[in-house]
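# Examining the three-dimensional arrangement
Now for the letters of each chain:
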Amino acid sequence: MIRIEKDAWRTVVGHAEAAYPNECCGALLGVCENGAKLVKEAVELENAFTGSRRNRYEVRPEDLLRADRAARDRGLDLIGIYHSHPDCDAYFSATDLKNSCPWYSFVVVSVRGGKVDHVRSFLPNPEQTAAEAEDVEIPSGN
Amino acid sequence: MAKVLIPTPLRQYTDQADSVELGGATVKEVLEALTARYGELKRHLYNDEGKLRSFVNVYVNDEDIRYLDKDATPVKDGDVISIVPSIAGGNHGR
Ligand SMILES: [Zn+2]
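Fair warning: this is a prediction, and the values are worked out from it, not measured in the lab.

### Details of the overall build of chain A
Across its full length, chain A holds three helices and nine strands. Reading the secondary structure of chain A in the N-to-C direction produces β-α-β-β-β-α-β-α-β-β-β-β. Over its C-alpha trace chain A gives a radius of gyration of 14 Å, about what one expects of a compact globule, namely 14 Å for 142 residues. Considered along the principal axes of its C-alpha atoms, chain A spans approximately 35 × 35 × 25 Å. For chain A, with 142 residues in total, the buried portion stands at 53%. Carbon and sulfur atoms provide 44% of the accessible area of chain A, an area that totals close to 6200 Å². The centroid of the 17 positive side-chain charges in chain A is displaced by 4 Å from the centroid of its 23 negative side-chain charges.

Here it is, written out as structure tokens:
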């Protein structure tokens, strides 16, 4: 289970809607207690994909490294990655899976007509051949 | 000694250590020392052929070793080695 706190969720929603119709991506920082993940902060990262970003995203490792260090400095951990699916369901695509990493929760946000519609989270396996759905909890009323 | 920063999800294999100080003259030696100390870590970083998994990037301080000397990149006292995954995606149906 991954729970996203209010401020972090507001950042994710704002980023996903501002980037529309492009995909956005970012890092989720927080803590992991007794197997439950709590996201306290979301950090916007640049979508570094060099072609059309309407249906692709890429996280620059340097940016992720910086986000990880910033998290450590504040006593938080990097626990997840988010990205948006403009005008598309929040599922885990074959390309998402092939370019994933089993260490983090992958939070996918569906944006329809410029507004966040729904969210799902996935846990990819180390072979990048399957991802299991993870329960995700967001603040009520957005 | 170099300091290797351990990503959160891998700390379950390092007795919860968030960083580990290790000796070694190159990245290869330091990572070998790391996986020798924490055997379970090995399969999370390396595939069956003994190569770093495709999504694993290694940085010495701020430099990606792919643009240095790969795993032969020299390591000095006080260097910080980070393990950073490659992450991307897309091609969603519409
Ligand atoms: Zn996706």
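This is not the end of the story, as more comes after the structure.
### A word on empty space enclosed by the protein
Over the atoms, a rolling probe the size of a water molecule traces out where space has been left empty. Taken as a whole and judged by the stated rule, the model has one cavity of 30 Å³ or more. Taken as a whole, the largest cavity spans an internal volume of roughly 50 Å³. As for the largest cavity, its lining consists of Leu64, Leu65, Asp68, Leu78 and Tyr104 of chain A together with Ile83, Val84 and Pro85 of chain B. By residue class, the composition of the lining of the largest cavity is seven nonpolar, no polar and one charged.

### Things to note about the sheet that holds strand S4 (residues 63-64) of chain B
Residue and element names in this part refer to chain B. Pairing in this open sheet of five strands is mixed, and the strands run S2-S1-S5-S3-S4 from one edge to the other. Each edge of the open sheet carries a strand with a single partner, namely strand S2 (19-22) and S4. Relative to S2, strand S1 (residues 2-5) runs antiparallel, the two sharing four bridges. Among the inter-strand pairings, Val4 is bridged to a residue of S2, identified as Val20.

### Quick look at the layout of surface pockets
Considered as a void within the structure, the largest pocket measures approximately 700 Å³ in volume. Those elements that provide at least two residues to the lining of the largest pocket are strand S4 (56-59) and helix H2 (61-73) of chain A together with helix H1 (27-37), strand S3 (56-60) and strand S6 (87-90) of chain B. It is H1 of chain B that contributes the most residues to the lining of the largest pocket, five residues altogether. For the lining of the largest pocket, a count of residues per class yields 14 nonpolar, eight polar and 13 charged. Of the volumes computed, that of the second largest pocket is approximately 500 Å³.

The rules we used
Residues numbered from 1 in each chain as written. Chains lettered and ligands numbered in written order. Predicted model: local features only at pLDDT ≥ 70, side-chain atom pairs only at ≥ 80, totals over all residues. Heavy atoms only, no water. Helix = DSSP H or I, 4+ residues; strand = E, 2+ residues; numbered from the N terminus. Rg over C-alpha atoms; globule rule 2.2 N^0.38 Å. Buried < 20%, exposed > 50% of the residue type's maximum accessible area, 1.4 Å probe, protein only. Areas by Shrake-Rupley, 256 points an atom, 1.4 Å probe, with all protein chains shown as cover. Lys, Arg positive; Asp, Glu negative; His and termini not counted. Charge placed at Lys NZ, Arg CZ, Asp CG, Glu CD. 1 Å grid on protein atoms, 1.4 Å probe; cavity = no way out; pocket = protein on both sides within 12 Å on 5 of 7 lines; lining within 4 Å. Points joined across faces, edges and corners; volume = space filled by probe spheres on them. Nonpolar A, V, L, I, M, F, W, Y, C, P; charged D, E, K, R; others polar. Pairing = 2+ DSSP bridges.

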